Amino acid sequence: MKILFLVYHGFSEHSGISKKIHYQVKGLRENGYDVRLCYYDFSADGHRCRFVDGQVIEDYGTGMMAGLRQRLSYGSVYDYCVSEGIRLVYARCFQNASPWLIRFFRRLRQAGIHAVTEIPTYPYDQEFRSFEWKMRMELHADQLFRRCLYKEMDAVVTFSDATEIFGQRTIRISNGVDFDSIKLNENDNGNENGKWNGRELHLIGVAEVHPWHGFDRVMTGMGEYRGDVPVFFHVVGGVHPNHMKNTFAPIIERYRLHDKVIFHGQLFGEALDDVFRQCQFAIGSLGRHRSGITVIKTLKNREYATRGIPFIYSEQDSDFDRQPYVLKAPADESPVDIQSIVDFMRHFTMKPREIRQSVEHLTWKIQMRRVVDAIVG
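What counts and how
- Residues numbered from 1 in each chain as written.
- Predicted model: local features only at pLDDT ≥ 70, side-chain atom pairs only at ≥ 80, totals over all residues.
- Heavy atoms only, no water.
- Helix = DSSP H or I, 4+ residues; strand = E, 2+ residues; numbered from the N terminus.
- Buried < 20%, exposed > 50% of the residue type's maximum accessible area, 1.4 Å probe, protein only.
- Expected span 1.5 Å × (residues − 1).
- Bend = angle between axes of the 7 residues up to and from the residue.
- Contact = heavy atoms within 4.5 Å.
- Pairing = 2+ DSSP bridges.
- Axes fitted to C-alpha atoms, helices over the stretch in contact; angles between N-to-C directions.

Visitor: I keep staring at the environment of Leu72 and nothing clicks. Help me out?
Guide: Here Leu72 is to be found in helix H2 (residues 64-72). Leu72 sits in the partly exposed class, given a relative accessible area of 32%. Sequence separation of Leu72 and Trp100 is 28 residues, and the distance between their C-alpha atoms is 5.5 Å.

Quick look at the structure:
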């Protein structure tokens, strides 16, 4: 069966979203499907183009009008689907519902081509509160047309527990993992005979940092912590200058955490593995309630488990809520109780490989097969 994986943007080597998409495509291919990846990006000569697996299927040219045309023109994608015998289009939501996108998916349906859209985070409206005005205006347009858009789909793919989104039925799956790409965090740094030595505790949080990650709760908790074990927090990923200035810097200054909070910036590959090897405990999302989200199956929780490191988060995630390597924080604005993490680690003896084995059912191969089975059987 031929599947078109449709993305409305390009890719970045450092982007977790980009990596996830490629892992999803890999997972589909591991099930034996013929998968084509369609995306929008710039060509070597600076033209805005629509690509399928590196081949240009439409060249929009350059300048502002080219940028507008790519938002309005999906004819090349439709023609490709029909000529290549695509049976299923798997699209990834970009909050870009419009009359032109509605028409595209309606034509697919009329041609007998199945279609689903994955909404990575639901609900997502409140996440736009802190974004610049241009993105907030784009959200308003999305709000006007999204219910009509999803009527043209077979279903919406979600990582929440919602049974219906924007008037369309859902296919509920978990974020997956790619075992080949995530190294097991087997090391003796800070450990003795497989157990934390209790001398220093190094925490790690990996994210393109937004308010809903709640890392400020960790920093405030460190400032109020009065225990005798030195605690360090390694933040890996981009931090917007405004978030650093208005949120993190005042906490660091107030509690004098300059030598305890380490910002590594974006890391990948061996450089990221090196930081993980320094750390014994990971930080998941601690502020999803700020976006009005209660239930979500985040990719980060699964990546931590695949690495074999215990972690904390505050949302509801049925894959991990009762796992022995997880601590749950309250979904509120209280500082993280650092002493509770220290006490947890003093008694924690689970091996990294045991943690990793607990998520073997969460591979992208299995999760993506669930989507296809729900649509075409």
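Visitor: In this structure, what is going on with helix H7 (residues 241-255)? I would like to understand it.
Guide: What sets the pattern is the α-helix's 3.6 residues per turn: residues three or four places apart point alike. Compared with an ideal rise of 1.5 Å per residue, which puts 15 residues at 21 Å, H7 spans 20 Å between its outermost C-alpha atoms and is within 8% of the ideal. By the largest-angle criterion, Phe248 marks the main kink of H7, which is about 40 degrees, and a proline, Pro250, follows within four residues. Residues of H7 that are buried: His243, Phe248, Ile251, Ile252 and Tyr255. At its buried positions, H7 is contacted by helix H6 (215-224) and strand E14 (261-265). Looking one or two residues past H7, Arg256 carries a phi angle of roughly 55 degrees, positive in sign.

Visitor: What exactly am I supposed to notice about the sheet that holds strand E3 (residues 48-52) here?
Guide: Note on sheets: strands pair through backbone hydrogen bonds, and any given pair is parallel or antiparallel. What the nine strands build is an open sheet, ordered E4-E3-E2-E1-E5-E6-E7-E9-E8; its pairing is mixed. The sheet terminates laterally at strand E4 (55-61) and strand E8 (164-165), the two strands that pair on one side only. Bridge count between E3 and E4: five bridges; the pairing is antiparallel. Each bridged residue has a counterpart across the sheet, and for Arg50 the counterpart in E4 is Glu58. Together, strand E2 (34-42), E3 and E4 form the strand contacts of H2, whose direction differs from that of E4 by roughly 130 degrees. Strand contacts of helix H12 (residues 364-376): strand E1 (2-6), strand E5 (88-92), strand E6 (114-119), strand E7 (155-158) and strand E9 (168-172), with the helix running at about 140 degrees to E9, the strand carrying the most contacts.

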